[in-house]
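Single-letter residue listing:
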Amino acid sequence: MNRYAFAAATAAALVAVTGGIAAAPAIFAQGAPQVPGVQDPARVTAGTYALDAGHTLVGWEVSHFGFNDYLGLFGNITGTMTMDPANIEAAKVEVMVPIAEVSVASAGLKDHLLRPGKDGGAPDFFGPTPGMATFTSTKVVKTGDMTADVTGTLTMNGKSAPVTLTTEFVGAGANPFNKKDTVGFHARTTIDRTQWGVNYGAPFVGKDVTLTISAAFEKQ
């Protein structure tokens, strides 16, 4: 069996498991290996976009006693973006991250992150009802053909402070399943968690938290 036949057979098996080959989009057809998303700004159209909550993630990384870094993840993120590729610096973004749905490998750590404070006091981290962290953009500065700095206000744990995201345009195209025009970005920033009142363990557990964002927006 050559590699094309093997790929087609594998795709057919996967589609059959998930509901039948008739549901498979053309992307899985033999001889059609094109990736739907391409890093081509000409593919981006002006309008209002909504975050694809199923494929948008915020990862975080913090030093653990200086020995190594601990990693966590936020999902089920919602938000909107309005943009015109002819005027990137006028773009507006609003994002909402459900802190209570934080994912970590350690059940004990998740319990600690969401644990109430002792004897009615303040929690060590977020407490059991932390609500949403929100980011609302205030300025976009184009830094290259595929990059921009997006500055905004991050509100979390009842406190607000400015944050700048170093952002890269990754790709645009039509989602092969729902046919929606989709635009994707990667972004990165480092924040001092104590600015948002998350002081527990500092500086033994690092104050600086690196956020790595992978976001897909679908046109509405």
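A brief structural summary. Everything numeric in this text was worked out from a predicted model, so none of it was measured.

Rules of the game
- Residues numbered from 1 in each chain as written.
- Predicted model: local features only at pLDDT ≥ 70, side-chain atom pairs only at ≥ 80, totals over all residues.
- Heavy atoms only, no water.
- Helix = DSSP H or I, 4+ residues; strand = E, 2+ residues; numbered from the N terminus.
- Buried < 20%, exposed > 50% of the residue type's maximum accessible area, 1.4 Å probe, protein only.
- Contact = heavy atoms within 4.5 Å.
- Areas by Shrake-Rupley, 256 points an atom, 1.4 Å probe, with all protein chains shown as cover.
- Salt bridge = Lys/Arg side-chain N within 4 Å of Asp/Glu carboxyl O.
- Core = buried A, V, L, I, M, F, W, Y, C linked by side-chain atoms within 4.5 Å.

1. Here's the deal with the overall build of the protein chain
Of the regular secondary structure elements, the protein chain holds two helices and 10 strands. The order of α-helices and β-strands along the protein chain, N terminus first, is α-β-β-β-β-β-α-β-β-β-β-β. Here the protein chain, with 220 residues, has 33% of them falling under the buried criterion. Across the protein chain, every contact between residues at least 6 apart in sequence was considered, and the portion connecting residues at least 24 apart equals 53%. Accessible area of the protein chain: about 12,600 Å², with a carbon and sulfur share of 59%.

2. Re the pattern of salt bridges
Counted by the stated rule, this structure contains two salt bridges. Ionic pairing is found between aspartate 111 and arginine 115, a salt bridge with its closest N-O pair at 3.3 Å. The residue glutamate 218 makes a salt bridge to lysine 180 at a minimum N-O spacing of 3.9 Å. Of this pair, glutamate 218 sits in strand β10 (residues 205–219) while lysine 180 sits in the loop between β8 (159–174) and β9 (181–192), and the two are 38 residues apart along the sequence. Taking the relative accessible area as the measure of exposure, glutamate 218 reaches 10% and is therefore buried. Residue lysine 180 is classed as partly exposed on the basis of its relative accessible area, which comes to 33%.

3. Thoughts on the environment of alanine 133
Mapped onto the elements of the fold, alanine 133 is located in strand β6 (residues 132–142). Distance from alanine 133 to methionine 96, taken between C-alpha atoms, is 5.7 Å for residues 37 residues apart in sequence. Not counting residues within four places of it along the chain, the set of residues in contact with alanine 133 comprises Val95, Met96, Val97, Ile99, Thr155 and Met156.

4. Here we look at the nonpolar core
Residues Trp60, Met156, Ile191 and Phe217 are the most contacted members of the largest nonpolar core, which totals 44 residues. Those residues in contact with phenylalanine 217 that lie beyond four places of it in its chain are Tyr49, Ala50, Leu51, Asp52, Thr80, Met81, Val93, Asp181, Thr182, Val183 and Phe185.

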